Amino acid sequence: MKLDIIIPTLNEEESLENLYNAIDKALDGIKYNIIFVDDSSTDNTYKVLEYIYKKDNKRVKVLSFSRNFGKDAAIHAGLSASKAEYAVIIDADLQQNPKYIKDMLSFLEENKDYDVVCMTNNYKGEGLFQKLAKGIFYNIMRKATKREYVKGASDFRLMRHDVVKALTSMTESNRFTKGLFSYVGFKTKYVPYKPNKRTAGKSKFRLKKQISYAIDGILNFSTLPLRAASFIGGTISLGAFIYLIVLVAKTLIQGKDIPGYASLMSVLLILGGLILFVLGIIGEYVSRTYIEIKNRPIYILKNKLGYDEDIL
Ligand code: UDP
Ligand code: MG
C-alpha cells in the first residue's frame, strides 16, 4: 500500500461523507487506505463510518475506542495500524484540505533526504491574544527542550513509515504529538497553508483546553520548570542571607532596632506562596510519573472494521 490516511474523529457526523468524497477526488490514481479512528463519539459518527465502510470496504478501515482517549491517542492508534509506505494525519472537520496530500506525497517522493512534510498554519485571521500566547508557548518549548518547534506546525503531516515506527515506539500514555514529532527528529519540510473555517460541528480545543495542552507539552518534554524552581529558591535564599548580614551589621555598628512586623509578614507570605508553587510543580512531575509507571494502555478498542488480524 502506498498511503494510509489517518483521521482522528470525535463527533463529526456532518463532515465525514464530505471528507470521504473530498479524499476520493483529491487522490485519484493513488493507492491508499483511510483509517478512521472514532474517539468514542456521542453523535452518529460511528454509524456514518459504518455506512462509509460498507460503501468502500476495500479502502476504508475503522477503529473505535471504548471511551474518549483524546486526539493524540487516536493518532497513535491510527499510526500503530499503519503499514503503508507513507502515512498522513488529517483532521475530520475539513479544516485541513485533502487537496494538499498529493503535493505532500510528491514532495517526499522527489526529495529522498526529507522524511516528513508538515503543513504549517500561517495564522492569517487569528486574534492578537492567540498570536501572542502561541508565540510565547513556542519560545518556551524551544528554550526548554532545545529542539526545533516551528510556530504553527500542525498535525497535518505526511511521513515515511520509518517516522511512523519511531513515533509508535514511544509508549508514554500522556502523549503530546507535537512534542513527539520534535523528539523523533527526521528532516521535515514545513509548508505554510491557511486552514479552512469549520463548517460543521464544534471545535474540541477551546481556550481552556489549549492552555492545559500547552502546559502538558512543556511538562512532558522538559524538566526546566524544576530547575527554574531551584533557581528562584536559591536566589531568594541568597538575597535573604545578604539582608541578614546587613541587619546584623547595622545592629552591631549603629545599634539600631530592627523595624517592622509588616515587612516580616509580607516576606513570610511571599515565601509561603512560593514554597507552595514550587511544591505544585514538583507534584505535577510526581503525578505524571505515577500515571506513566502504571503503564496502562494508551487506548482501548471497542470495535474495528476492515481488520481481520488482531491489532492493538
Ligand atoms: N478529536 C478527537 N478526539 C478529541 C478531540 C478531537 O479525535 O478528544 C479530533 C476531531 O474530531 C478533529 C481533530 O481531532 O478531527 C481536531 O479537532 P478540532 O477540529 O476540534 O480542533 P481544532 O481544529 O479546533 O484545533
Ligand atoms: Mg478543527
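Residues numbered from 1 in each chain as written. Chains lettered and ligands numbered in written order. Predicted model: local features only at pLDDT ≥ 70, side-chain atom pairs only at ≥ 80, totals over all residues. Heavy atoms only, no water.

*Asks:* When you look at the packing of aromatic side chains in this model, what are you seeing that I'm missing?
*Replies:* We describe a pair of aromatic rings using the distance from one ring centre to the other and the angle between the two ring planes. One pass over the full model with this rule turns up nine aromatic pairs. An angle of 90° between the planes, with centres 5.6 Å apart, marks the rings of Phe65 and Phe69 as edge-to-face. As far as burial versus exposure is concerned, Phe65 and Phe69 are alike and both buried. Ring geometry for Phe137 against Tyr138: centres 5.3 Å apart, planes inclined by 70°, an arrangement best described as edge-to-face. Phe137 gets classed as buried once you look at its relative accessible area, which sits at 13%. A relative accessible area of 5% means that Tyr138 is categorised as buried. Through pairs of rings, three or more aromatic residues link up here, namely Phe137, Tyr138, Phe176, Tyr213 and Phe221. The side chain of Arg67 reaches across the aromatic face of Phe69, ending 3.8 Å from its centre. (Phe/Tyr/Trp six-rings, centres within 6.5 Å; stacked < 30°, edge-to-face > 60°. Buried < 20%, exposed > 50% of the residue type's maximum accessible area, 1.4 Å probe, protein only. Lys NZ or Arg CZ within 6 Å of the ring centre and 35° of its normal.)

*Asks:* Would you explain the nonpolar core in this entry?
*Replies:* As a rule of thumb, soluble globular proteins bury nonpolar side chains together. The biggest cluster of nonpolar side chains holds 36 residues, and the ones touching the most others in it are Phe65, Leu79, Met159 and Leu167. The set of elements that each furnish at least two residues to this core consists of β2 (32–38), β3 (60–65), α3 (71–81), β4 (86–89), α5 (128–145), α6 (161–168), α7 (177–184) and α8 (207–221). For this core, the element with the highest residue contribution is α3, accounting for six residues. When neighbours within four sequence positions are excluded, Phe65 is seen to be in contact with Val37, Asp38, Asp39, Ser40, Ala73, Ala74, Ala77, Tyr299, Ile300, Leu301 and Lys302. If you look at the next biggest cluster of nonpolar residues, it comprises 35 residues, including Leu19, Ala92, Ile101 and Phe156. (Core = buried A, V, L, I, M, F, W, Y, C linked by side-chain atoms within 4.5 Å. Helix = DSSP H or I, 4+ residues; strand = E, 2+ residues; numbered from the N terminus. Contact = heavy atoms within 4.5 Å.)

*Asks:* What is the right way to read the sheet that holds strand β7 (residues 188–193) from this model?
*Replies:* Paired through backbone hydrogen bonds, the strands of a sheet run either parallel or antiparallel to each other. Here eight strands make up an open sheet; going across it, the order is β7-β5-β6-β4-β1-β2-β3-β8 and the pairing mixed. Only two strands of the sheet have a single neighbouring strand rather than two, namely β7 and β8 (301–305). Across this sheet, the average inter-strand angle for adjacent strands is 20°, counted without regard to direction. In terms of strand pairing, β4 meets strand β6 (residues 153–160) through four bridges, oriented antiparallel. When the bridges of β6 are listed, Ala87 appears paired with Met159. Sheet strands in contact with α6 are β4, β5 (116–121) and β6, and its direction is about 120° off that of β6. (Pairing = 2+ DSSP bridges. Axes fitted to C-alpha atoms, helices over the stretch in contact; angles between N-to-C directions.)

*Asks:* Looking at this model, I keep getting lost on the packing of helix α1 (residues 16–26) against helix α2 (residues 45–55). Mind explaining?
*Replies:* Axes are the key here: two packed helices are described by the angle between their axes and the distance separating the axes. One can describe the packing of α1 onto α2 by two numbers: an axis separation of 10 Å at closest approach and a directional angle of 30°. Seen from above, α1 lies across α2 with right-handed handedness. Residue-level contacts link Leu16, Glu17 and Tyr20 of α1 to Thr45, Val48, Leu49, Tyr51, Ile52 and Lys55 of α2. Its residues assigned to classes, the contact of α1 with α2 comprises six nonpolar, one polar and two charged. (Left-handed = near helix turned anticlockwise from the far one by under 90°. Nonpolar A, V, L, I, M, F, W, Y, C, P; charged D, E, K, R; others polar.)

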